[in-house]
Amino acid sequence: MGKADFLTPKAISNRIKAKGLQKLRWYCQMCQKQCRDENGFKCHCMSESHQRQLLLASENPTKFMDYFSDEFKSDFLELLRRRFGTKRVHNNIVYNEYISHREHVHMNSTQWETLTDFTKWLGREGLCKVDETPKGWYVQYVDRDPETIRRQEEQAKKKKQELDDEERAAKFIEEQVRRGRDGKESELDSPVFTELRREEHEDKVAFNLGASSSCSSSSSSSKSSSVFAANALRGAAASAASAASATTKRKDVSSNSDFRGEKKKKSALEQIIEMEQQQRADHWLQPNIVVKVVTRRLGDKYHKKKAVVLEVQGKYAAVVKMIDSGDKLKLDQNHLETVIPAPGKKVLILNGPYRDTQALLEGISEKDFSATLMLESGPQRGRKVGVAYEDFSKLA
């Protein structure tokens with residue numbers, strides 16, 4: 001009987017059967033051939049090609065088993081990584097999806113007899129995290145790709161740096177609040193005493209005793225006021241000489257007391273702070289320093305990334321070049337912050353009495369939010385000074 005035509009029901013049935021999965025017991029792994037029924041599998045086992053494959057396998061059976069085991073393991077892990085990632089999933093779900101592929105490597109040709117044995121082996125080798133539950137075994141892929149590990153380390157480092165910056169800012173704010181509270185308490189606890197002094201010594205004393213009197217007693221009040229005024233004039237004439245001699249002494253004492261009062265009002269610490277505030281400026285950008293972008297308006301591509309200041313425009317704006325990508329941006333100084341290098345690196349002081357002075361970073365005091373710098377230029381070269389974090393930055 002000849003072969004069935006292409007559009008006959010038998011030919012269509014054969015093609016449908018050939019597409020789907022067949023029974024595992026009728027599959028030959030050595031020849032990678034799937035038979036549709038028991039008779040076809042029997043004929044295949046009696047064929048010459050199958051006998052040759054058996055002879056090859058009998059010479060070195062371990063080699064073929066290791067090959068199939070390695071193929072099964074790599075395909076299974078690749079499906080687990082690509083399909084489920086690092087999620088925890090039931091091993092039977094992954095296996096059913098794996099065997100849905102027609103050309104897969106069958107487990108009966110590997111070194112593992114059951115799926116449970118294969119799952120336990122993955123856990124012992126550290127390729128997956130496995131755990132047994134009443135519903136069965138669950139697997140979780142462990143991604144050991146060097147690129148993935150490097151990316152995770154960078155993310156962890158970035159997160160740690162952001163936390164350090166936030167903690168540093170919080171500590172700085174807390175320290176400033178504490179200092180302000182202590183200063184207010186000290187001002188309340190220790191009042192400033194000054195000398196009593198008369199501002200103008202030549203003013204005349206005038207009495208108006210008749211302003212509050214009524215119209216009915218005007219005559220009596222006028223008499224009493226005239227008598228009191230006469231007595232006051234006599235006393236003033238008697239003490240005129242002594243008052244004139246003491247006038248110069250009073251002026252000298254008043255001037256000295258004014259000077260001492262002003263000194264007592266301002267302590268030495270307040271005077272130092274006032275001097276430093278006069279020497280500070282509201283702009284700190286300088287060329288050839290390393291800064292960090294702190295604004296989120298430009299996206300995560302530039303947030304918390306370092307750059308080098310190429311040019312300062314108008315004191316408050318700068319053209320910077322990103323260190324990682326090489327992009328050039330124009331940013332305001334409010335969108336940037338200084339960078340603190342490791343001890344032993346060179347920095348530039350950006351504000352305060354030592355502005356525009358190069359220095360060497362010797363130590364960092366996290367408690368005071370400041371650093372110890374050794375000046376390397378200027379008239380005070382070789383001197384060690386303490387500078388706040390925001391007043392210096394790393395040199396490019």
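Scope of this entry: the structure provided in the associated data block. (Residues numbered from 1 in each chain as written. Predicted model: local features only at pLDDT ≥ 70, side-chain atom pairs only at ≥ 80, totals over all residues. Heavy atoms only, no water.)

This paragraph deals with the overall build of the chain. Looking only at helices and strands, the chain has 10 helices and 15 strands in total. Relative to its full complement of 396 residues, the chain shows a buried share of 26%. In the chain, the proportion of contacts linking residues at least 24 apart, taken out of those at least 6 apart, comes to 47%. (Helix = DSSP H or I, 4+ residues; strand = E, 2+ residues; numbered from the N terminus. Buried < 20%, exposed > 50% of the residue type's maximum accessible area, 1.4 Å probe, protein only. Contact = heavy atoms within 4.5 Å.)

This part takes up the pairing of strand 4 (residues 128-133). Where strand 4 meets strand 5 (residues 136-141), 6 bridges bridge the pair, whose relative direction is antiparallel. Within strand 5, the residue paired with T133 across the bridge is G136. Connecting strand 4 to the antiparallel partner strand 5 that follows it, the hairpin turn spans 2 residues. (Pairing = 2+ DSSP bridges.)

Here the focus is the packing of aromatic side chains. According to the stated counting rule, one finds 12 aromatic pairs in the structure shown. Relative to F118, the ring of F76 has its centre 5.0 Å away and its plane inclined at 90°; by these criteria the two rings are edge-to-face. Here F76 is found in helix 4 (residues 61-84), whereas its partner F118 is found in helix 6 (residues 115-125), with 42 residues between them in sequence. Residue F76 is classed as buried on the basis of its relative accessible area of 1%. The interplanar angle of 85° and the centroid separation of 6.3 Å between the aromatic rings of F369 and Y389 together place this pair among those described as edge-to-face. Here F369, found in the loop between strand 12 (357-365) and strand 13 (370-375), pairs with Y389, found in the loop between strand 14 (384-388) and strand 15 (392-394); they are 20 residues apart in sequence, far enough to count as distant. Each member of the pair, F369 as well as Y389, carries the same accessibility label: buried. Among the aromatic side chains, those forming a connected cluster through ring pairs are F72, F76, Y98, W112, F118 and W121. Cation over ring: R88 sits above Y138, and NZ or CZ is 4.2 Å from the ring centre. When the ring centre of Y389 is taken as reference, the NZ or CZ atom of R168 above it lies at 5.6 Å. (Phe/Tyr/Trp six-rings, centres within 6.5 Å; stacked < 30°, edge-to-face > 60°. Lys NZ or Arg CZ within 6 Å of the ring centre and 35° of its normal.)

What follows deals with the nonpolar core. Of all hydrophobic cores here, the largest spans 21 residues; its most connected members are F72, L80, V94, F118 and L122. If you list the elements that add at least two residues to this core, you get helix 4, helix 5 (91-99), helix 6 and strand 5. Broken down by element, this core gets its largest block of residues, 7 residues, from helix 4. Setting aside residues no more than four positions away along its own chain, F72 makes contact with Y95, Y98, V105, M107, T110, W112 and F118. With 17 residues, the next largest nonpolar core counts W284, L331, L336 and L395 among its residues. (Core = buried A, V, L, I, M, F, W, Y, C linked by side-chain atoms within 4.5 Å.)

So, about the sheet that holds strand 3 (residues 88-90). Reading across from one edge, 3-5-4 is the order of the 3 strands in this open sheet, with antiparallel pairing throughout. Either end of the sheet is taken by a strand with one partner, and the two such strands are strand 3 and strand 4. On average, adjacent strands in this sheet sit at an angle of 30° to one another, irrespective of strand direction. By the bridge criterion, 3 bridges tie strand 3 to strand 5 in an arrangement that is antiparallel. (Axes fitted to C-alpha atoms, helices over the stretch in contact; angles between N-to-C directions.)

Another point: unusual backbone geometry. With phi around 65°, K304 is a residue other than glycine that occupies positive phi space. Within the element layout of this structure, K304 appears in the loop between strand 6 (290-293) and strand 7 (306-313).

Another aspect to go through is the pattern of salt bridges. A complete count under the given rule lists 9 salt bridges for this structure. Across the salt bridge formed by E97 and R83, the nearest N and O atoms sit 3.2 Å from each other. Highlighted residues: E97 in helix 5 and R83 in helix 4, separated in sequence by 14 residues. Residue classification places R83 among the partly exposed residues on the basis of a relative accessible area of 47%. Of the charged contacts in the structure, one is a salt bridge between R88 and D131, with a shortest N-O distance of 2.7 Å. (Salt bridge = Lys/Arg side-chain N within 4 Å of Asp/Glu carboxyl O.)

Moving on to the environment of L360. With respect to the secondary-structure elements, L360 resides in strand 12. For L360, a relative accessible area of 24% puts it in the partly exposed group. Here the alpha-carbon distance between L360 and K346, two residues 14 residues apart in the chain, equals 4.7 Å. The contact partners of L360, leaving out residues within four places of it in the chain, are G344, K345, K346, T372, L373, M374 and E376.

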